[in-house]
Amino acid sequence: MAGVSSMTVSRVINGEANVRPATREAVNTAIAALSYSPNPAARSLAGAAPVRIGLLYSNPSAAYLSEFLVGSLDQASRSDVQLVIEKCELGDHEIEVAKHLIDSGIDGLILPSPLCDSPKLIKTIADEGVPAILVGSGRPAQELNAVSIDEFAAAYAMTRHIVSLGHRRIGFVIGNPEQTASDERLRGYYVALAKADIPVDEALVAQGLFTYRSGLDAAEKLLDVVDPPTAIFASNDDMAAAVVAVAHRRDLDVPGDLTVCGFDDTTLATAIWPELTTIHQPIADMSRAAVEMLVSTIRRPRAGDDKQHVVLDFTLVRRQSDAAPRRRPPTRRVRPGQD
């Protein structure tokens, strides 16, 4: 109907660039008139083996992982590829799992944080020549393609927001020290304080691990200092939720006595009270972009191409957990049975 070869039709359907606009229009018109849609089974029988993508994960945040998987599975379905999901532990286990997948004939790999910052894993994959995408690294390795946000700019924006409310005693909970995103978020905090002429007080900086439990420990440390913070910015929502829990246990009102802000905007941010002011990191969109980029690389490889680093936008989402610092002594709630 379009008056072209079956190969040209195939190029149009697969989105290849080397088709003239007039020809592409003729083929699309014929597709619409015939209500044609590709048959995956027939394509496999014709010799086009299905694309298999491996997704390795080792993330302590269930909320982060959930959103990442939703985006990955959605885009894998849209791209008509098979997604193989494997859990691994940090150390040498991720190397073992990656090699197993590569030996099984996997076409490409997706590495979300913290695996995106594993030098040994990145080197193993690059040496094997397998296409891979790093997702969520603060400083992506040059050997592989990557999808991320500007971690520094996001943390800088949140710290500046807290300063704009009038806070000068601002605590910070660092994320996992093995992840570059943690370094970039800490750097954003430091630079924002310097911009506001607020000296850094290391007593207001506590180490965390991106886990809820580490957030509890960090909050206890920060709130035990002689001159405690009036605001705490945690490097992810899990740790921010833990800070809120500790504040409530100490009879501190959030945000009346203590502003608490997080990072990621996972479902946890709106599952606690008060709902968290946080940085919206488009986790599902990042995983969709990773699958889409990887599939494109696998199906249309170009030798010598420079590695791509796609940076998506973040958003500061203000909810109920932040406010100006209290200008009067904090209100202490009296529990039943207390004088």
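Starting afresh in each chain, residues are numbered from 1 along the sequence in its written order. Since the coordinates come from a predicted model, pLDDT governs what is reported: local features require at least 70, and pairs of side-chain atoms require 80 or more to be given and counted, while whole-chain, interface and lining totals use all residues. No hydrogens and no water enter the side-chain calculation; it runs on all heavy atoms of the structure.

Engineer: Help me understand the environment of phenylalanine 314, please; the structure alone is not making it clear to me.
Structural biologist: Strands are runs of DSSP state E lasting at least 2 residues, helices are runs of H or I lasting at least 4, and numbering of each runs from the N terminus. Looking at where phenylalanine 314 falls in the secondary structure, it is placed in the loop between β11 (309-311) and β12 (315-317). Remark: exposure states derive from per-residue accessible area (1.4 Å probe, protein chains only) relative to the maximum for the residue type, with buried under 20%, exposed over 50%, and partly exposed in between. Residue class for phenylalanine 314 comes out partly exposed when judged on its relative accessible area of 27%. Contact criterion: two residues are considered in contact whenever any of their non-hydrogen atoms come within 4.5 Å of each other. For phenylalanine 314, the contacting residues outside a window of four places in its chain are Ile149, Asp150, Ala153, Ala154, Ala157, Ile279 and His280.

Engineer: Any chance you could explain the packing of aromatic side chains here in plain terms?
Structural biologist: Aromatic rings in a pair are described by how distant their centres are and how their planes are angled relative to each other. Stacked, tilted and edge-to-face pairs are distinguished by plane angle, under 30 degrees for stacked and over 60 for edge-to-face with tilted covering the rest, among Phe, Tyr and Trp rings (Trp via its six-membered ring) whose centres lie within 6.5 Å. Evaluation of the coordinates by the stated rule reveals five aromatic pairs. When the centroid spacing of 5.3 Å and the interplanar angle of 85 degrees are considered together, the rings of phenylalanine 172 and phenylalanine 233 count as edge-to-face. On the criterion of sequence distance, the pair formed by phenylalanine 172 in strand β6 (residues 170-174) and phenylalanine 233 in strand β8 (residues 231-234) is long-range, its members being 61 residues apart. Each of the two residues, phenylalanine 172 as well as phenylalanine 233, counts as buried. An aromatic cluster of three or more residues is present, and its members are Phe172, Tyr189, Tyr190 and Phe233. In this analysis the charged atom, NZ for Lys or CZ for Arg, is taken to sit over a ring once it is within 6 Å of the ring centre and within 35 degrees of the ring normal. The ring centre of phenylalanine 263 lies 3.7 Å from the NZ or CZ of arginine 185, which sits over that ring. Positioned above the aromatic ring of phenylalanine 152 is the side chain of arginine 187, whose terminal nitrogen or guanidinium carbon lies 4.1 Å from the ring centre.

Engineer: Just checking my understanding: could you explain helix α5 (residues 93-103) for this structure?
Structural biologist: Helical geometry: 3.6 residues make up each α-helical turn, so side chains three or four residues apart lie on a common side. Among the residues of α5, Glu94, Ile95, Val97, Ala98, Leu101 and Ile102 are the ones counted as buried. One face of α5 carries all of its buried residues, which in axial projection span an arc of 165 degrees. Projecting away from the buried face of α5 at angles above 90 degrees are the exposed residues Glu96, His100 and Asp103. Directly beyond the C-terminal end of α5, a positive phi value near 95 degrees is found at glycine 105. Directions from the helix axis toward the C-beta atoms define the arc.

Engineer: Which parts of the structure should I look at to understand the nonpolar core?
Structural biologist: Within soluble globular proteins, side chains that are nonpolar tend to cluster in buried spots. Throughout, nonpolar core names a set of buried Ala, Val, Leu, Ile, Met, Phe, Trp, Tyr and Cys residues whose side chains join them through atoms within 4.5 Å. By size, the foremost hydrophobic cluster in this structure holds 43 residues, and its most contacted members are Ile53, Ile110 and Phe233. Contact partners of phenylalanine 233, with chain neighbours within four places excluded, come to Ala155, Met158, Thr159, Ile162, Gly171, Phe172, Val173, Cys261, Gly262 and Phe263. Listed in part, the 24 residues of the second largest apolar core include Ala206, Leu222, Val243 and Ile272.

Engineer: What is the right way to look at the sheet that holds β6 in this model?
Structural biologist: In this analysis, strands are considered paired if DSSP registers two or more bridges between them. Pairing is mixed in the open sheet, where six strands are placed in the order β7-β6-β8-β9-β10-β12. The sheet is open, and its two borders are formed by β7 (205-207) and β12, each paired with just one other strand. Across the sheet, the axes of successive neighbouring strands diverge by a mean angle of 20 degrees, strand direction being ignored. Pairing of β6 with β8 involves four bridges; the strand directions are parallel. From the neighbouring strand, valine 173 faces β8, where its bridge partner is alanine 234. Packed on one face of the sheet, helix α9 (residues 212-223) meets β6, β7 and β8 and runs near 155 degrees to β7. Axis lines are fitted to C-alpha atoms, over the contacting stretch for helices. Their N-to-C directions set the angle, which ranges from 0 to 180 degrees.

Engineer: Honestly, the side chain of asparagine 176 in this entry has me stumped. Any pointers?
Structural biologist: Tracing the chain through its elements places asparagine 176 in the loop between β6 and α8 (180-195). For asparagine 176, a relative accessible area of 15% gives the class buried. Within the local environment of asparagine 176, its side chain forms a polar contact with the backbone nitrogen of glutamate 178, the two atoms lying 2.8 Å apart. Ignoring anything within four residues of it in the chain, the contact list for asparagine 176 reads Ser182, Gln207, Gly208, Leu209 and Phe210. Polar contact criterion, stated in full: a pair of N or O atoms within 3.5 Å, where within protein one must be able to donate a hydrogen and the other to accept it, and residues adjacent in sequence count only if both atoms are side-chain atoms.

Engineer: Sorry if this is basic, but what is going on with the sheet that holds strand β1 (residues 52-57) here?
Structural biologist: In a beta sheet, neighbouring strands pair by backbone hydrogen bonds and run either parallel or antiparallel. Strand order in the open sheet made by the six strands is β2-β1-β3-β4-β5-β11, with parallel pairing throughout. Unpaired on one side and paired on the other, β2 (82-87) and β11 mark the two borders of the sheet. Adjacent strand axes in the sheet meet at a mean angle of 20 degrees when their direction is disregarded. Judged from the three bridges that link them, strand β4 (residues 132-135) and strand β5 (residues 145-148) form a sheet pairing that is parallel. Across the sheet, the residue bridging to isoleucine 133 is asparagine 145, located in β5.

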